[in-house]
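Survey of secondary and tertiary structure
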Amino acid sequence: MGGDPEHSLVSLLAVWLPLVGAAIVGASGLPGLFLARRSAPGAWTAAVLHLLGAAAALGGAAASVVTVGATSLDLPWGLPFGSFRVELDGLSAAFLVPLALVPALGSVYGLRYWSPRAHPDTSRKLRVFYGILAASLILLTVARDGVLFLFAWEGMALSAFFLVTIDDRDDQARSAGWVYFVATHVGTLALFGLLAAVASAGGSFGLDPLPDTAAPLGVGTVIFLLGLIGFGLKAGIMPLHVWLPGAHAVAPSHVSAVLSGVVLKVGIYGLARLTCMLPHPPVFWGGLLLTLGVVSGIVGVLFAVAQHDLKRLLAYHSIENIGIITMGLGLAMLGRSYGRADWMALGLGGAILHVWNHAFFKSLLFMAAGAVIHRVHTREIDRMGGLARSMPITGALFLCGAVAICGLPPLNGFVSELLIYLGLLRTVQPIDGVAAAGAAFAVPALAIIGALAVACFVKVFGAVFLGSPREHHDATPSEAPGSMLAPMLVLAAVCVGIGALPALALPFLDAAARAWSVGAHAEALPLGLLAPLWWVSALAGATWLFAILLALGLRRLVRPPGAARVGTWDCGYAAPSARMQYTASSFAQILVGLFASVLHPRERRPRVGRLFPRGRSYSSHVHDVVLAEWVVPAVAVLARQAARLRIIQAGHIQLYILYVLLIVIALVLSAVPLLDLLRSLVTR
Amino acid sequence: MIDTAVQVVLLLVMPPLLLGVITKTKAAIAGRVGAPLLQPYHDIIKLLRKGSVLSRTTTWVFLAGPAVTCAAVLLAGLLVPMGGQPAPIRFAGDLILFAYLLALGRFFTTIAALDTGSSFEGMGAAREVTFACLAEPALFFGLLALARLTEGLSLSAFFGPGVASAWVDAAPSMVLVLAGLFIVLLAENSRIPFDDPNTHLELTMIHEVMVLDHGGPALGTVLYGAAVKLFVLSSLVARLAVPMETGQPLLRWPVFIASVLMVAVVIGLVESTMARLRLLHVPNLLVGACLLTGFGFILLLGSPR
């Protein structure tokens, strides 16, 4: 901390503002509890409070970037273990930005999407848990003590459970919520183990870098693998993603946006913080992360291509993007192991920028999808169509998100993928004889992921927004209301902005890389030296300019102005109907067929035998292979075996208290040095 | 400066000539006179002057498709080093931008096709994006091999002066990469054996079927954009095949033009001697291309560099 008072004021702000913000956000839903169920002011107050709190947290993040070093704060804490120690370093600040911004925009979106008028029973409950979720997210990033971290972690996990099951009369929501609840607590269990290992190695629950002597390779590997399970379950890294598609599909759309856009990133933050605590990783950690990233990326996007539920599809894309982020993190870890500062900077910078980007474009996509679902009342892609005419702004915003998520220039997704690509390309070129060309196989993998994402989003955008409506609704769907469009516009503007001026994010990325590489053999290089960000800006500008000029030119050439309007030519077929259009399923059919060995698609084909057949129906579905074919059978076996333990469950409370007493006695006895006692008896 | 000007002029003017050369070659092999070399220019100019008919189903996306695609491939053309000269725009990682600009073009071509709501165009769009998923890794394995060989991070380094020495150092890899990239060139530009640009059977086409509803200036833009894409990819393949360093500034551009035209002639020969593959077999050929460039890269891993 600098000695001058002004400096220390800024660094104090950097740690206090997020705490204050978290408190305001956490309480944002409470005033509404004292108002009537259908009252709008409760909703408004919640949104305003949420925006205020998020602004405070963002202010803290900005303040931490301009200061050198981080201020640590130790507040009174009533528990005998752990402490209330908070600190905002570069790594926390970089994660805090999307974690504060996206939920705030979602709270504005929720005003109309889940309005008190339409959902009088649940809207108050939703706002309370939404606030707690957002506050836990802020607290998580600043917590520097393991016990405090776990408290925030559970706050997040439980409030997310209540948000997923908000519509608890819905069967799907209940079962998805249940799967989520089990998965998240398996993760918490792993984190308990992790914290115990950290405390035994380092002597305290603090989340600080452990000295090599405290965590030799064996202990370090146990810590790393437990973290990988605990945090990987939250992030949704394949094959730990089983809870994710269901939970994200059934939640209200702005909650899905938060769950998919930012809650997953907490898992990534955990992994980044954990790898920061173990400064000298062996090569296989980075290699494992890179491999898991490639698997999540490719398999995630393959499953996305095969989906026909709009929100489930977006959820699988989150798995894909988490894969890309994990690839960046794995590359940074390899850089750490090999002492290559350029891989560290590009890998970590790319991963964190992709955390930002995915938070922005994914929540944009979920909100746009929510706006559509709000109007057509179905999540089935094959029952939509032609919505770009009735909802032009939503359509354009969805297109913006789609181009961004495919990693295409001139939007933000391209920039972060470029950083990761650059880092991976550098693995084939030795500096001082150090190279890891095996990592370069991730380059074509990233290329396949990109191409599959294009296929998927062409399918979604085409089937939902283009062509003609496949079903007739009672009323033509109208454009989404302003309070839903405004947050989406902000997100789209951020996507365009980061795509055009990525250098604006540099201070955050460099600060994060500096904080992360503390204790490593080489400090991460400044990203500005490694990545041609100004060229990216110039070319993004050129792409916009060329495209707009050519489009305007083409419009002028199209004569007569407005051109003759006829039916689609369709090779001369005179009576096409909307049901003859290529559906999303038919669009994906070749790809699903090519990768059937992974996707295990289930089809119900009609048999058409006789002449003049009657109506027949065909259906195809791709379920989650890992959940249905691995996890469910394994859990069934486990449940059968565990049933034997039921003998101890007699239903008498006295018996249970006896168990407790026996265990306490056993614990007390274990503290007595029985062996010594015996030995002394024998020797006497 | 002059080189940049020459490249921009070539990029804008030369592409349709390649189409003319291909059709002329095919005609010569078949013993016909064939259309004049400059016919594609006349076609495009004629189309730009014509009136338009738009489908009632379409939205702004329908016209944005050809415009964005054309803009993207032109911009990609500025990243490509032509004639062994560094490209007008070059920076570390420009190869990613190059590949993703082509993908941006594909995105907009396919959504413009879906905008019509016609099932034929849906089929074409589905095939285009599916086959690209298999062509992309082939392209990137090839670029990875060149990154290893030339120790650069930009297209200008990959396809610059280092190509000649790469042939000396690692000829087997270069053969594999060249073959793989040529297959990618054919696939990306929807040439035989992937697609037949001359067929008019909607059920079997890829690129042509996507633009069935585009007419007049929109179709002209589509044709021009497709020609630019062919030219851009051909100039990369041409540089790999003919890594000649004349040392004479005056000879550089004629050598480049001749080598690109040679690629067009080879495409014409392929189209004259092969039939279009059945759609079901297209993925096999693309996976083959991946294996070619992939092994080209793997061969390099053993050699200490």
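Bear in mind that the values here come from a model prediction, so they are computed numbers and not experimental data.

Time to look at the overall build of chain B. The secondary structure content of chain B amounts to 13 helices and 1 strand. Counting from the amino terminus, chain B carries its helices and strands in the arrangement α-α-α-β-α-α-α-α-α-α-α-α-α-α. Its C-alpha atoms give chain B a radius of gyration of 19 Å, near enough to 19 Å, the size a compact globule of 305 residues would have. Burial statistics for chain B: of 305 residues in total, 65% are counted as buried. Looking at chain B alone, contacts between residues at least 24 apart form 80% of all its contacts between residues at least 6 apart. Looking at chain B as shown, the accessible area adds up to about 10300 Å², and 70% of this sits on carbon and sulfur atoms. Between the mean site of the 18 positive side-chain charges and the mean site of the 17 negative ones, chain B shows a separation of 4 Å.

Moving on, we get to the overall build of chain A. Each helix and strand counted, chain A has 26 helices and 5 strands in total. For 684 residues, the compact-globule estimate of 2.2 N^0.38 gives 26 Å, and the C-alpha radius of gyration of chain A, at 27 Å, lies within 12% of that figure. Seen through its C-alpha atoms, chain A measures out along the principal axes to roughly 110 × 65 × 55 Å. Considering only contacts within chain A whose residues lie at least 6 apart along the sequence, 81% involve residues at least 24 apart. Only carbon and sulfur atoms are counted for the fraction: they give 68% of the accessible area of chain A, which is about 27200 Å². Between the mean site of the 44 positive side-chain charges and the mean site of the 31 negative ones, chain A shows a separation of 12 Å.

Another aspect to go through is helix α8 (residues 217-235) of chain A. All names here are of chain A. Between its terminal C-alpha atoms α8 stretches 25 Å, which fits the 27 Å expected from 19 residues at 1.5 Å a residue. Taken as a whole, α8 has its buried residues at Gly220, Thr221, Ile223, Phe224, Gly227, Leu228, Gly230, Phe231, Gly232, Leu233, Lys234 and Ala235. Elements that come into contact with the buried residues of α8 comprise α6 (146-164), α7 (171-202), α9 (244-250), α10 (253-277), α11 (283-306) and α12 (310-338).

Our next topic: the pattern of salt bridges. Residues and elements named next belong to chain A. Across all of its chains, the model carries 18 salt bridges over all chains by this definition. Put simply, Asp309 and Arg379 hold a salt bridge, and the shortest N to O gap is 3.0 Å. On the criterion of sequence distance, the pair formed by Asp309 in the loop between α11 and α12 and Arg379 in the loop between α13 (341-376) and α14 (387-390) is long-range, its members being 70 residues apart. With relative accessibility at 9%, the residue Asp309 sits in the buried group.

Another point: the interface of chain B and chain A. With 78 residues of chain B in contact, the opposing surface of chain A contributes 71 residues. Taken together, chain B and chain A are joined by 0 salt bridges. Joining chain B to chain A, the criterion identifies 15 residue pairs in polar contact (both at pLDDT 80 or more). Sorting elements by how many residues they give to the side of chain B that touches chain A places helix α6 (residues 119-150) of chain B first, with 19 residues. Bridge count for strand β3 (residues 564-566) of chain A against strand β1 (residues 53-55) of chain B is 3 bridges, and the pairing is parallel. Bridge pairing links Val566 of chain A to Ser55 of chain B in β1 of chain B.

All right, on to the nonpolar core then. Counting 329 residues, the largest nonpolar core has Phe98 and Phe107 of chain B as its most contacted members. In terms of residues, this core owes the most to one element, α13 of chain A, which gives 22 residues. For Phe98 of chain B, the contacting residues outside a window of four places in its chain are Ala76, Leu79, Val80, Leu155, Val232, Leu233 and Leu236 of chain B. If you look at the next biggest cluster of nonpolar residues, it comprises 7 residues, including Leu554 of chain A together with Leu54, Phe62 and Ala67 of chain B.

Let us look at the side chain of Arg426 of chain A. Counting through the fold element by element, Arg426 of chain A comes out in helix α16 (residues 412-426). On the accessibility criterion, Arg426 of chain A (17% relative accessible area) is buried. In this structure Arg426 of chain A touches Arg340, Asp342, Trp343, Leu346 and Leu530 of chain A together with Leu153 of chain B, once residues within four positions along its chain are discounted.

Residue and element names in this part refer to chain A. As for its position among the elements, Arg37 is in the loop between α2 (30-33) and α3 (40-66). Here Arg37 falls in the partly exposed class, since its relative accessible area comes to 40%. Taking C-alpha positions, Arg37 is 18 Å from Asp168, a pair spaced 131 residues apart along the chain. Ignoring any residue separated from it by four or fewer positions in sequence, one finds Arg37 in contact with Pro116, Pro120, Asp121, Ser123 and Arg124. Among the polar contacts made by the side chain of Arg37, one reaches the side chain of Asp121 at a distance of 2.7 Å.

In this section: unusual backbone geometry. Met238 of chain A connects to Pro239 of chain A through a cis peptide bond whose omega is 0 degrees. Of note, the amide linkage connecting Ile192 of chain B to Pro193 of chain B takes the cis form, showing an omega dihedral of 10 degrees. For His377 of chain A, which is not glycine, the phi torsion reads 60 degrees and is therefore positive. Mapped onto the secondary structure, His377 of chain A falls in the loop between α13 and α14. On the accessibility criterion, His377 of chain A (66% relative accessible area) is exposed.

Partitioning chain A into domains gives domain 1 (344-557 + 583-598) and domain 2 (626-683). Look at where the C-alpha atoms of domain 1 of chain A and domain 2 of chain A centre, and you get two points 51 Å apart.

All names here are of chain A. For the coordinates displayed, the defined rule picks out 31 aromatic pairs over all chains. On the basis of an interplanar angle of 5 degrees and a centroid distance of 4.5 Å, the ring pair of Phe224 and Trp285 is categorised as stacked. Separated by 61 residues along the polypeptide, Phe224 in helix α8 and Trp285 in helix α11 bring together distant segments of the chain. Classification of Phe224 as buried rests on a relative accessible area of 0%. You can call Trp285 buried: its relative accessible area is 3%.

Here the focus is the packing of helix α4 (residues 90-113) of chain A against α13 of chain A. If you want to describe how two helices pack, look at the angle between their axes and the distance between the axes. Residues and elements named next belong to chain A. Where α4 meets α13, the axes come as close as 10 Å, and the angle between the chain directions of the two elements is 10 degrees. If you check the angle between α4 and α13, you find them roughly parallel. Touching Leu91, Ala94, Phe95, Val97, Pro98, Leu101, Val102, Leu105, Gly106, Tyr109, Arg112 and Tyr113 of α4 are Ile352, Val355, Trp356, Ala359, Phe360, Ser363, Met367, Gly370, Ala371 and His374, all from α13. Across the contact of α4 with α13, the residue classes break down as 17 nonpolar, 4 polar and 1 charged.

Residues and elements named next belong to chain B. Mapping Pro193 onto the fold places it in the loop between α9 (171-188) and α10 (207-210). In the structure, Pro193 is positioned 182 residues away from Leu11 in sequence and 26 Å away in space, judged by C-alpha atoms. Setting aside anything within four residues of it in sequence, one finds Pro193 in contact with Leu186, Met274, Ala275, Arg276, Leu277 and Leu285.

Looking now at a nonpolar patch on the surface. Residue and element names in this part refer to chain A. A surface patch of nonpolar side chains, about 690 Å² in accessible area, is lined by Leu658, Leu661, Leu662, Ile665, Leu669, Val672, Leu674 and Leu677. At the level of elements, α25 (653-671) and α26 (674-683) are the ones that each hand at least two residues to the nonpolar patch. Of the residues forming the nonpolar patch, the biggest block, 5 residues, is contributed by α25. With respect to the helices and strands, the residue Leu669 is situated in helix α25. The partly exposed category is assigned to Leu669, whose relative accessible area is 45%.

All names here are of chain A. Orientation of α16 relative to helix α17 (residues 442-465), taken along the N-to-C sense of each, is 155 degrees, at an axis distance of 9 Å. Put simply, α16 runs roughly antiparallel to α17. Residues Glu417, Ile420, Tyr421, Leu424 and Leu425 of α16 form the contact with α17, whose participating residues are Ala442, Val443, Leu446 and Ala447. A breakdown of the residues in the contact of α16 with α17 according to their chemical character gives 8 nonpolar, no polar and 1 charged.

The next thing to look at is the confidence of the model for chain A. Mean pLDDT over chain A stands at 89; residues scoring 70 or higher make up 96%. Within the model, pLDDT remains below 50 along residues 1-5 of chain A, and this stretch shows 6 contacts once partners closer than five positions in the same chain are excluded.

With that out of the way, let us pick up α13 of chain A. The periodicity of an α-helix, 3.6 residues per turn, causes residues three or four places apart in sequence to face the same way. Residues and elements named next belong to chain A. With 36 residues, α13 should reach 52 Å at 1.5 Å per residue; the first-to-last C-alpha distance of 51 Å fits that figure. Taking burial as the measure, the 36 residues of α13 include 34 buried ones, the bulk of the element. Trailing α13 by a residue or two, His377 shows a phi angle of about 60 degrees, which is positive.

Thresholds applied
Residues numbered from 1 in each chain as written. Chains lettered and ligands numbered in written order. Predicted model: local features only at pLDDT ≥ 70, side-chain atom pairs only at ≥ 80, totals over all residues. Heavy atoms only, no water. Helix = DSSP H or I, 4+ residues; strand = E, 2+ residues; numbered from the N terminus. Rg over C-alpha atoms; globule rule 2.2 N^0.38 Å. Buried < 20%, exposed > 50% of the residue type's maximum accessible area, 1.4 Å probe, protein only. Contact = heavy atoms within 4.5 Å. Areas by Shrake-Rupley, 256 points an atom, 1.4 Å probe, with all protein chains shown as cover. Lys, Arg positive; Asp, Glu negative; His and termini not counted. Charge placed at Lys NZ, Arg CZ, Asp CG, Glu CD. Expected span 1.5 Å × (residues − 1). Salt bridge = Lys/Arg side-chain N within 4 Å of Asp/Glu carboxyl O. Polar contact = N/O pair within 3.5 Å; in protein donor to acceptor, adjacent residues only side chain to side chain. Pairing = 2+ DSSP bridges. Core = buried A, V, L, I, M, F, W, Y, C linked by side-chain atoms within 4.5 Å. Domains from an automatic or database assignment. Phe/Tyr/Trp six-rings, centres within 6.5 Å; stacked < 30°, edge-to-face > 60°. Axes fitted to C-alpha atoms, helices over the stretch in contact; angles between N-to-C directions. Parallel < 35°, antiparallel > 145°, perpendicular 65-115°, else oblique. Nonpolar A, V, L, I, M, F, W, Y, C, P; charged D, E, K, R; others polar. Patch = residues over 30% accessible without salt bridge, like charges linked within 9 Å, V, L, I, M, F, W, Y side chains within 5 Å. pLDDT = per-residue confidence, 0-100.

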